[in-house]
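Observations on the model geometry
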Amino acid sequence: MLPYGRQTITEDDIAAVVAVLRSDYLTQGPVVAEFERRFAARVGARHAVAVNSATAALHLALRVAGVGAGHRVLTTPNTFLASANAAAYVGATPDFADIDPVTRTLCPGAVEAAWSDDVRAVVAVDYAGQPADLPALSRMARSRGAVLVDDASHAVGGAFYHEGKSWSLGGNPWADFTVFSFHPVKTLTTGEGGMLVTDREDWADAARCLRSHGMVRDPARFSPVDAGDPLAERGPWFYEMQELGWNYRITDLQCALGLSQLERLDAALARRRAIVAAYDAALADLRWLRGPRLRNPEDAGLASWHLYTVEIDFPAIRQSRTEVMARLRAAGVGSQVLYIPVHLQPWYRRTYGYGPGKCPVAEALYGRALSLPLYPALTDADVSRVIAAVRSLAMP
Ligand SMILES: Cc1ncc(COP(=O)(O)O)c(C=O)c1O
């Protein structure tokens, strides 16, 4: 069975992790810092803070930007739960604006319509690897005192053209923060893991402190103390908790895997693009199916595809999605539905009163979406098997 996504692990990856197992540090040693340095260089960001998930990175981004109680955060319903939940973690209200039907990413016009004075952040998602319209969203957010968080969990290594120049996700002037996920189905994995990148040093420092309990060990940062205070002696053991933080630390083991995967990222992305091009060409004539479409077709050579999500007109082929998935499975082809619109989840309905009709484009997409296998280890024969299985769906 071909799953919809899966990691690729090489002997080099295994050797890199084993080398850490034989070293002095399993966590917070030199490999975390090296992964941060190399990742920042790869995406073109000034600072990268590695954490144990993209969820943690999203939480830290909103926290260090000062988003909290009384604020609203606008995001897309066409995402995994984490993009919206982060707003609730900091005590703000997560809210949703609809998506663009072509790119399936946050629609700037819908964000404009949903704007209210209490919005302090926009969390855009580069769904499936398609960059959100960062320049338009940034213009809107910055002119109104809000930050733009680009949730690029799907798009490690991705880039896009804007006004004739290519810009990488994480290395562009529009996103205040960019967040990446290294979960196994993503384009680079550390098992579990995430990265927060930003060009602002104060935000990066604050995120580093908060990822480890809000603790500082640098004497230059200790708070002043009276001579008679029980904490007056500050020897080599001393640390201070200056903020309420979390344990969002990633391990050296994970970062060794990440560094090794980073070496192959370009090759992995090239293979993903080739598979997407093969699917696009082979499925283009099907009137009951529509593949992903880039905002700018020139971006095809820069995209970091994580998912190949098609929209299927199920009534036209007289089958439900459940039946289609079963037929694909019988042909050895796995598929998945990504995503259930977040505002329709019971917790969101119960807590904020959201419900059907709030984001009709995302809700309609949900009714038609199906993600097909996409990962670099798919062989050409696998790709042909997927294409044949999909093409045969319209046959009785
Ligand atoms: C768009 C998006 N954001 C955030 C996350 C959360 O990532 P993580 O599992 O690394 O916390 C995911 C995970 O699937 C995701 O798809």
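Residues numbered from 1 in each chain as written. Predicted model: local features only at pLDDT ≥ 70, side-chain atom pairs only at ≥ 80, totals over all residues. Heavy atoms only, no water.

Attention shifts here to the site of the ligand. Around the ligand sit 15 residues, and of these Thr55, Asp151, His154, Ser181 and Lys186 come closest. Contacts to the ligand include Thr55, whose side-chain N or O atom sits 2.5 Å from an oxygen atom. Between the ligand and the protein, one listed contact pairs an oxygen atom with a side-chain N or O atom of Lys186 at 2.8 Å. The fraction of the free accessible surface of the ligand (390 Å²) that becomes covered by protein chains is 91%. Elements with a minimum of two residues in the shell around the ligand: α3 (54-64) and α4 (81-89). Taken together, the residues that form the shell around the ligand break down as five nonpolar, eight polar and two charged. (Near = heavy atom within 4 Å. Polar contact = N/O pair within 3.5 Å; in protein donor to acceptor, adjacent residues only side chain to side chain. Areas by Shrake-Rupley, 256 points an atom, 1.4 Å probe, with all protein chains shown as cover. Helix = DSSP H or I, 4+ residues; strand = E, 2+ residues; numbered from the N terminus. Nonpolar A, V, L, I, M, F, W, Y, C, P; charged D, E, K, R; others polar.)

With that settled, consider the sheet that holds strand β4 (residues 119-125). The strand order across the open sheet formed by seven strands is β1-β9-β8-β5-β4-β2-β3, and the pairing between neighbours is mixed. Of all strands in the sheet, those bounded by a partner on one side alone are β1 (47-51) and β3 (93-96). Taken pair by pair, the neighbouring strands of this sheet meet at an average axis angle of 20°, ignoring direction. Bridge analysis of strand β2 (residues 72-75) against β4 gives four bridges, and the strand direction is parallel. Considered in β4, the bridge of Thr75 is made with Val123. With respect to the sheet, helix α2 (residues 30-43) is in contact with β1, β8 (177-181) and β9 (194-198), its orientation differing from that of β1 by roughly 130°. (Pairing = 2+ DSSP bridges. Axes fitted to C-alpha atoms, helices over the stretch in contact; angles between N-to-C directions. Contact = heavy atoms within 4.5 Å.)

For the structure shown, the criterion picks out 20 salt bridges. As a salt-bridge pair, Glu34 and Arg37 come within 3.1 Å of each other at their nearest N and O atoms. A residue pair is termed a helical-turn pair when its members lie 3 or 4 positions apart in one helix, as Glu34 and Arg37 do in helix α2 at three residues. Of the charged contacts in the structure, one is a salt bridge between Arg142 and Asp176, with a shortest N-O distance of 3.0 Å. Of this pair, Arg142 sits in helix α6 (residues 134-143) while Asp176 sits in the loop between β7 (165-168) and β8, and the two are 34 residues apart along the sequence. Here Arg142 falls in the partly exposed class, since its relative accessible area comes to 40%. (Salt bridge = Lys/Arg side-chain N within 4 Å of Asp/Glu carboxyl O. Buried < 20%, exposed > 50% of the residue type's maximum accessible area, 1.4 Å probe, protein only.)

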